[in-house]
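# Geometric and topological summary
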Number of protein chains: 2
Amino acid sequence: MKNLMRILITGVSGFVGHHFLQFLYNNRIDASVLGIDIRLPMYDVKKYKTRFELQLCQMDMLVQSEVAVAVENFQPEYVIHLASYSSVAYSWQYPEISFINNTNIFLNLVTAIRIHQPKCRVLSVGSSEEYGVVGEKDLPLTENASIEPNSPYAVARVSQEMLSKVYSNNYNMDIVMTRSFNHTGPWQDERFVIPGFIKRIKQIKNSGKCSGIIETGNINIVRDFIDVRDVVKAYFLLLKYGMSGEIYNVCTGKGIALYEVIQMIGLCLNVQVKTNENPAYIRPRDNAIVIGNNRKLLNRLEGKWQPEISLKKSIEDMLYCMKEK
Amino acid sequence: MKNLMRILITGVSGFVGHHFLQFLYNNRIDASVLGIDIRLPMYDVKKYKTRFELQLCQMDMLVQSEVAVAVENFQPEYVIHLASYSSVAYSWQYPEISFINNTNIFLNLVTAIRIHQPKCRVLSVGSSEEYGVVGEKDLPLTENASIEPNSPYAVARVSQEMLSKVYSNNYNMDIVMTRSFNHTGPWQDERFVIPGFIKRIKQIKNSGKCSGIIETGNINIVRDFIDVRDVVKAYFLLLKYGMSGEIYNVCTGKGIALYEVIQMIGLCLNVQVKTNENPAYIRPRDNAIVIGNNRKLLNRLEGKWQPEISLKKSIEDMLYCMKEK
């Protein structure tokens, strides 16, 4: 009998959950996977079932008993916690819903693990939003930079991280944490910044023009975009090799301004793009520059990982996927 | 018509809530008070009703709609948030219950205020537990000391504080925060350390002996005990004069070892007390010394406040109250 990795994935139906399954598929990982989510996946799961055991279970993780039953019955060796209400904008509109759907679902998860499967390894995925207001002198941000969360979403993520440390230190649970920077890549929803730009620039192209104007927010801001496929590879390796109780930035270590991203998309589509700043799209509290330092992750994974997919490649692949679709 | 201060007190039935009402009574504050709590007070409220308007309302603050109705109907100008599951030990036994009964009740409260009474001033009471693991070089702890919460209770308190800052910065809410150190004083429950010592030393005296042995945990630890009457005075003044968005330590600035407290109680009762350390009572993660710096509070309240009640006076008053009872 094969020795299967028993992996519980929360938030399996989301963008990162989908790519995590794809990673297992591409790398022919011998796994038995339980994927849970508040809704069933919109993507086709049949192909994954040909390569590894995959069960899906629809549940609201706010219901503690359901999470407990899932953990008790499945007995995971690894848990990757991707479930999250991850929109900062939503957290401003509905702070309480956002907060409990981040912090309380995590609390229900670690409680279930503490009681039913305490030796299992957990990857608690956090966010670069935890750094909050970024001082330029701290760039690129190391894991020791100060934490000043500035949205309900960011507070929830910091709470999750503090709880991870408390459970790890005091119940000897095996929890590895991340602070993950902006992801992008194929299948990302058009509400996110890069697919949003792509959509609008494709509209210009589709209308038969070779140049056009798009309305934007502040496109001088600089972000550290990492391809989701590099992200899920890091997550898989952290599940295996991360140091218990430690936090790792997941990022490229390089920043790019949004106007450069727009020009890159324009080049790929052979469209000349001009931009028009619309004050309605400006987010008043956005940091000018957010770039992470990934040295700790690189050191820990000792040559097994580095960001491999350039932003240009991400964009090309996103365009290709949109065409296919 | 008199200009009444409209004050909403959460956790009115607790130790600090009781003293806050007593403060309003003693100082003949013209107030209209709504006190909410999950259970009705065990103390007699009649005398308070002779001096100020007092309504009581039993509710579970985890039910958002009930909190919202209370805030909407009462329209407080001031809210003092004392409701809390404040036992660290309990938070180890039932981390999830402790967490939601701190963080989520606060979230329900600030949401209700944000929607129904956004201009009202809120005092968000926090705890010295937020400092977590204390380095001796940081003593006495200022508000800038590092925050390393080390229990589920402490994480909940830090989350409450981070949420306070986010709501204060981003919704322009008027929130003042405290980190309050160990309180003691009349009416405190015997599960707490000083009333617990008093109870056992009184038992020696009541049995007719003038000396005896009590079992203790580590009595070399040093804490900053502040009389609850000094605490509620600080809270009242912070409601009036605190700087919005700021955090204030509420403490004496002085530390005392538990063995000194025991000797002090022995002297008051004229009992010679010996102690026997029982490993079952030792808390493995206790800080050796916790002392706060109260300079920021003193400066802000400019001569209107300083700790006035010595620990000896607290103990004498506790003994007097126990006799009366």
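Calculation notes
- Residues numbered from 1 in each chain as written.
- Chains lettered and ligands numbered in written order.
- Predicted model: local features only at pLDDT ≥ 70, side-chain atom pairs only at ≥ 80, totals over all residues.
- Heavy atoms only, no water.
- Pairing = 2+ DSSP bridges.
- Helix = DSSP H or I, 4+ residues; strand = E, 2+ residues; numbered from the N terminus.
- Axes fitted to C-alpha atoms, helices over the stretch in contact; angles between N-to-C directions.
- Contact = heavy atoms within 4.5 Å.
- pLDDT = per-residue confidence, 0-100.
- Salt bridge = Lys/Arg side-chain N within 4 Å of Asp/Glu carboxyl O.
- Least-squares fit on C-alpha atoms with pLDDT ≥ 70 in both.
- Polar contact = N/O pair within 3.5 Å; in protein donor to acceptor, adjacent residues only side chain to side chain.
- Expected span 1.5 Å × (residues − 1).
- Buried < 20%, exposed > 50% of the residue type's maximum accessible area, 1.4 Å probe, protein only.

Our next topic: the sheet that holds strand E2 (residues 31-37) of chain B. Residue and element names in this part refer to chain B. Sheet architecture is open: 7 strands sit in the order E3-E2-E1-E4-E5-E6-E11, paired in parallel fashion. Two strands in the sheet have a free side with no partner beyond their single neighbour: strand E3 (53-58) and strand E11 (247-250). On average, each strand axis in the sheet is tilted by 20 degrees relative to the strand beside it, whichever way the strands run. Note that strand E6 (residues 174-180) and E11 share 4 bridges and pair parallel. By the bridge assignment, arginine 179 is partnered in E11 with asparagine 249. Packing against the sheet, helix H5 (residues 95-116) makes contact with strand E1 (5-10), strand E4 (78-81), strand E5 (121-127) and E6, and its axis sits at approximately 175 degrees to E4.

Moving on, we get to the confidence of the model for chain A. Looking at chain A as a whole, the pLDDT averages 95, with 99% of positions reaching at least 70. Predicted complex, confidence summary: ipTM 0.89, pTM 0.92.

Residues and elements named next belong to chain A. Using the criterion set out here, one finds 30 salt bridges over all chains in the structure. Across the salt bridge formed by aspartate 174 and arginine 121, the nearest N and O atoms sit 2.8 Å from each other. Here aspartate 174, found in strand E6 (residues 174-180), pairs with arginine 121, found in strand E5 (residues 121-127); they are 53 residues apart in sequence, far enough to count as distant. Linking aspartate 286 and arginine 223 is a salt bridge whose minimum nitrogen-to-oxygen distance equals 3.9 Å. Taken together, the positions of aspartate 286 in the loop between strand E13 (272-277) and helix H10 (295-301) and arginine 223 in strand E9 (residues 222-223) put the pair 63 residues apart, joining distant regions of the chain. Each of the salt bridges in this network shares a partner with another, and the network as a whole consists of Asp227, Arg229, Lys313 and Asp317.

The operation relating the pair of chain copies consists of a rotation about an axis and a translation along that axis. Between chain A and chain B, which share one sequence, the superposing operator has a rotation angle of 180 degrees and an axial displacement of 0.0 Å; the RMSD is 0.0 Å. Overall, the copies show the geometry of a two-fold rotation axis. Identified as the residue of chain A closest to the rotation axis by C-alpha distance is serine 159 of chain A, at 3.0 Å. Most of the interface of chain A is mirrored in chain B: 96% of its interface residues are interface residues there too.

Another point: the environment of valine 12 of chain B. Mapped onto the secondary structure, valine 12 of chain B falls in the loop between E1 and helix H1 (15-26). In sequence terms valine 12 of chain B and arginine 39 of chain B are 27 residues apart; their C-alpha atoms lie 9.1 Å from each other.

A word on the side chain of serine 314 of chain A. All names here are of chain A. Along the chain, serine 314 turns up in helix H11 (residues 311-324). A polar atom in the side chain of serine 314 sits 2.6 Å from the side chain of aspartate 227. Ignoring any residue separated from it by four or fewer positions in sequence, one finds serine 314 in contact with Thr184, Asp227, Arg229 and Ile309.

Every α-helical turn comprises 3.6 residues, leaving residues that sit three or four positions apart pointing alike. Residues and elements named next belong to chain A. With 14 residues, helix H7 (residues 193-206) should cover 20 Å at 1.5 Å per step; its first-to-last C-alpha distance of 20 Å lies within 8% of that length. Within H7, burial applies to Ile194, Pro195, Gly196, Phe197, Ile198, Ile201, Lys202 and Ile204. Within two residues after H7, glycine 208 carries a phi angle of roughly 90 degrees, on the positive side.

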